[in-house]
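# Fold and geometry: a report
What follows is each chain in one-letter form.
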Amino acid sequence: MQTHAEIAALHFASYNVPGALYAAPGRVNLIGEHTDYSDGFVMPAAIDFATVVAISPRTDGRIVAHSVNYDERIDKSISELLDDDYASRRAGRKVHWSDYPAGVLWALREHGVPIEKGFSLTIEGDVPLGAGLSSSASIEVATAIAVLGATSFDLQSTKIALLCQRAENAFVGANCGIMDQFVSCFGKQDHAVMIDCRWLEYTLAPIPADARIVICNSMVKHSVAGGEYNTRRAEIEAGAEILRKHRPEIVALRDATVDDLTKWGHEMPATVLKRCRHVVTENARVLAAADAFRAANLTRFGELMGQAHISLRDDFEASCKEIDILVELAGQQPGCFGARLTGGGFGGCTVNLVAAAGVGAFTEAMRAGYLEATGITAEIYTSRASAGAHAITL
Ligand code: GLA
């Protein structure tokens, strides 16, 4: 990843005008998985990895965007990019990196942001791609705040997160919830963000000073655009529908209790019941985990992470062999309070809460143990919880 000054220089060299720089982070979810799209609770933190967007306005109605990561440039009129590409996306064209910034422009235009004169963009990020650390949300949010900055269009951060989610749902075609875009906007240094996904309200949970977040990348590619994610969403909605017949006040699974599942779960297909049990118990775990952080009780937080993983593995069936190996190995390491699969699942990363003094030994043992068990070299990142999206001043 280049420095901010280098990205600014590259933008100038490409377009002959200075660009304004903006950044938005990826995220790691500490607890609360697959609960956001049924109005539940999640507790992610923004991470030190981000996408940086340099932007300058144009006058010719074109979008010219250069992805440094893909070493590729697109140059299209607004209608080619947003209208033609939208049609071809709907017809099933494979997702391209430019669909994320294009989707954001599309959603912003729909909201009334003046984009018709066009922009030049330089995009570079260091959020690992396909690792379940929300590289997509980071490029979306960075593009959104860049365009809003360039047009002096004032929008509240919650609205920015919602428009980025809309871009991903309706333009890119991935049916994600609100967690990733929200925390990319609202992240705060050294804090996890406990989000109530129904009301889009949040509270900050301070991460105790003697704990570190260590992320182990299984190197098994994860994608929200894949079919499993949508299947899980449909199962959760089917379960809520059955409970609603008995308790009409259940708008989403967030409103259901374990008691409801005990009473009426037999009316559901066995798989649907398992999926619902994960979500209902996970919501309770998030609330308990927020209390544990407030009390600086890392042992308790770690226990909840362990339970969350088992639930995600057995009831939600969103784990995979490699991820389970990482979680099991982490459980054997001194100084590790808890470990679990993070993000959408079916590959990607684990999140580990580790005593600050033990991070070095933990990292080495994890790398060696995983290589021995799978033949794969894991990438391991230590991150602080970082700030949300912001403009960069050079
Ligand atoms: C992906 C989605 C999020 C959320 C997680 C699972 O990251 O983008 O909205 O549903 O999966 O918790």
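Look up: the structure comes first, before these words.
A few points on the structure. (Residues numbered from 1 in each chain as written. Predicted model: local features only at pLDDT ≥ 70, side-chain atom pairs only at ≥ 80, totals over all residues. Heavy atoms only, no water.)

## Observations concerning the site of the ligand
Filter applied, for reference: For this description, a residue counts as near a given molecule or strand if any of its non-hydrogen atoms is within 4 Å of it. Polar contact is defined as a pair of N or O atoms within 3.5 Å, subject to the rule that within protein one atom must be able to donate a hydrogen and the other to accept it, and that residues adjacent in sequence are counted only when both atoms are side-chain atoms. Computed by Shrake-Rupley with a 1.4 Å probe, the accessible areas treat only the displayed protein chains as cover when residues are assessed. Buriedness for pockets is judged along seven lines, at least five of which must meet protein on both sides within 12 Å for an open set on the 1 Å grid over protein atoms alone, while cavities are sets there where a 1.4 Å probe fits but cannot get out, and lining residues have an atom within 4 Å of a point. For a molecule to be placed in a cavity or pocket, more than half of its atoms must lie within 2 Å of the grid points of that cavity or pocket. Asp, Glu, Lys and Arg are counted as charged, while Ala, Val, Leu, Ile, Met, Phe, Trp, Tyr, Cys and Pro are counted as nonpolar; the rest, among them Gly, fall into the polar class.
Taken together, 12 residues form the shell around the ligand, and within it Glu33, His34, Asp36, Asp180 and Tyr229 come nearest. The backbone of His34 places a nitrogen or oxygen atom 2.7 Å from an oxygen atom of the ligand. Taking Gly177, its main chain carries an N or O atom lying 2.8 Å from an oxygen atom of the ligand. Taking 310 Å² as the accessible area of the ligand by itself, protein coverage stands at 98%. One can see that the ligand is located within the largest pocket. A class-by-class count of the residues in the shell around the ligand yields five nonpolar, three polar and four charged.

## What about the packing of aromatic side chains?
The description of an aromatic ring pair rests on the distance of the ring centres and on the angle between the ring planes. The condition is simple: The rule is short: rings of Phe, Tyr and Trp, with Trp giving its six-membered ring, pair when the centres are within 6.5 Å, and they are stacked under 30 degrees, edge-to-face over 60, tilted in between. Strands here mean DSSP runs of E at least two residues long; helices mean DSSP runs of H or I at least four residues long; both are numbered from the N terminus. Classification of residues uses two cut-offs on accessible area relative to the type maximum, computed with a 1.4 Å probe and protein chains only: under 20% is buried, over 50% is exposed, and between them is partly exposed. By definition, being over a ring means that NZ of Lys or CZ of Arg is both within 6 Å of the ring centre and within 35 degrees of the ring normal.
Tallying each qualifying case throughout the model produces 10 aromatic pairs. With a centroid separation of 5.3 Å and 70 degrees between ring planes, the pair formed by Phe49 and Tyr381 is classed as edge-to-face. A residue pair is termed long-range when its members are at least 10 positions apart, and Phe49 in strand β2 (residues 41–57) and Tyr381 in strand β11 (residues 379–383) qualify at 332 residues. In this structure, Phe49 and Tyr381 share a single accessibility class: buried. On the basis of an interplanar angle of 15 degrees and a centroid distance of 4.0 Å, the ring pair of Phe293 and Phe301 is categorised as stacked. The same class applies to Phe293 and to Phe301, which are both buried. These aromatic residues form a ring-pair network of at least three members: Tyr86, Trp106 and Phe171. A cation over an aromatic ring shows up here: Arg232 above the ring of Phe316, its NZ or CZ 5.8 Å from the ring centre.

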